[in-house]
Number of protein chains: 2
Amino acid sequence: MRKFKFNISMSLDGYIAGPNQTLENPLGEGGEQLHEWVFPLKSWRETHGMSGGETGANDDVLREMFADVGSYIMGRNMFGGGPGPWRDEWKGWWGDSPPYHMPVFVLTHHPRDPLSMQGGTTFFFVTDGIESALQQAKEAAGGKDILLGGGANVAQQYLAAGLIDEMDLHIVPILLGGGERLLENIGGSGPKIEPVRAIEGPGVVHLKYRIAKTT
Amino acid sequence: MRKFKFNISMSLDGYIAGPNQTLENPLGEGGEQLHEWVFPLKSWRETHGMSGGETGANDDVLREMFADVGSYIMGRNMFGGGPGPWRDEWKGWWGDSPPYHMPVFVLTHHPRDPLSMQGGTTFFFVTDGIESALQQAKEAAGGKDILLGGGANVAQQYLAAGLIDEMDLHIVPILLGGGERLLENIGGSGPKIEPVRAIEGPGVVHLKYRIAKTT
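Residues numbered from 1 in each chain as written. Chains lettered and ligands numbered in written order. Predicted model: local features only at pLDDT ≥ 70, side-chain atom pairs only at ≥ 80, totals over all residues. Heavy atoms only, no water.

A. Summary view of the pairing of strand S11 (residues 204-212) of chain B. Residue and element names in this part refer to chain B. Counted residue by residue, S11 has seven buried out of nine residues, so it is predominantly covered. In this sheet, S11 lies alongside strand S8 (residues 166-172) in antiparallel orientation, the contact comprising six bridges. Residue pairing in the sheet places Glu166 in a bridge with Arg210 of S11. Across nine bridges, the pairing between strand S10 (residues 192-201) and S11 is antiparallel. Residue pairing across strands places Pro195 opposite Tyr209, the latter belonging to S11. Counting the residues between successive antiparallel strands, the hairpin from S10 to S11 contains two residues, one of them, Gly203, with a positive phi of roughly 75°. (Buried < 20%, exposed > 50% of the residue type's maximum accessible area, 1.4 Å probe, protein only. Helix = DSSP H or I, 4+ residues; strand = E, 2+ residues; numbered from the N terminus. Pairing = 2+ DSSP bridges.)

B. How the structure looks around the environment of Ser11 of chain A. Residue and element names in this part refer to chain A. Along the polypeptide, Ser11 turns up in strand S1 (residues 4-11). With a relative accessible area of 0%, Ser11 lands in the buried category. C-alpha separation for the pair Ser11 and Pro114, spaced 103 residues apart in sequence, amounts to 33 Å. Separated by 2.5 Å, the side chains of Ser11 and Asp13 make a polar contact. (Polar contact = N/O pair within 3.5 Å; in protein donor to acceptor, adjacent residues only side chain to side chain.)

C. Representation of the side chain of Thr122 of chain B. Residues and elements named next belong to chain B. Within the secondary structure layout, Thr122 lies in strand S6 (residues 122-126). For Thr122, a relative accessible area of 17% translates into the label buried. Residues in contact with Thr122, not counting those within four places in the same chain, are Met102, Pro103, Val104, Pro114, Leu115 and Ser116. (Contact = heavy atoms within 4.5 Å.)

As structure tokens, this is what we get:
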């Protein structure tokens, strides 16, 4: 069955970005350590057009994450671009050929025409909220899964609305001591969270949970 | 080699107690859910003088946790008793025969004579700080490990001082949305944290880390 999956790297103290985030450094101080486990992996290198790389538990988890995904949703900070007049020139953090190779729906308040990149990625800018973005992403996914990336704010909105089916937290053994927390502002008793599995990789533990709306 | 081990149950959003903690309800609202995985276990029942109970991954983890432990350290809130004139009558939350069966060092600002309970537990009240408590606990442990329980404040002090060797976090899949957070107020870049293992049990994931002082 088609799933709406959420996947993010989080420090042991619950942050998905470090302190003092800026437009130039959206991961904040020390936040880049959250993603270091990804870069050596074979599947990461493949989506970036490189050969070689590590296999093993981390690679399996990342490969599975993208295996049957037909579209992607992200928040405006993850896409980047800032508030200035040059924001309509911004093409994301990933160069001319982003690693998504699928339709990507960017939640923003700033309307903009779709942006087609090399390698099959097209960015669509959605200004009418999370439910509309999910609906458009489902239609674009053609029966496959939909994957949600960061940032915290967008994830919190989807979790609070009970719309996410599955959540993968990649727990990195660092303390950032400040920054952007993932699991707050969700409200009430939050969604029902059932553990699915825990997988150990070098330098990271992958915790998968099934999420259900509290009724 | 003798180790100073720390072990605590934590919600997925990082709390070891829920919101609105009181002296009568030190776990706060919803906080009792953090410990529900423990009560059915065979090894928990044994230390409380009961037979039967569940075996399996959770039981193995709990059994290992106490297997080679010679003394225990806890904060004043975990011992309980409040600030009133009756505090010298308080004998802890555990009745006449506490489940520790070893010397327990309680960090407090209130001096008090040692309190010998049934079943081998003696509470010692330490007023001169965390290093003194650890030193006394080491001497009392007779070559065995020392185990640290809650609360957050005491654990944060020991983590910040780089004195803990091993940390077991039992991650319970609930969001408490407020309360007492474990991994904050540790300061600087904190200690160096190396993953040791992840074990899945029913309703809880056990993450063990090796802790080293940042040099």
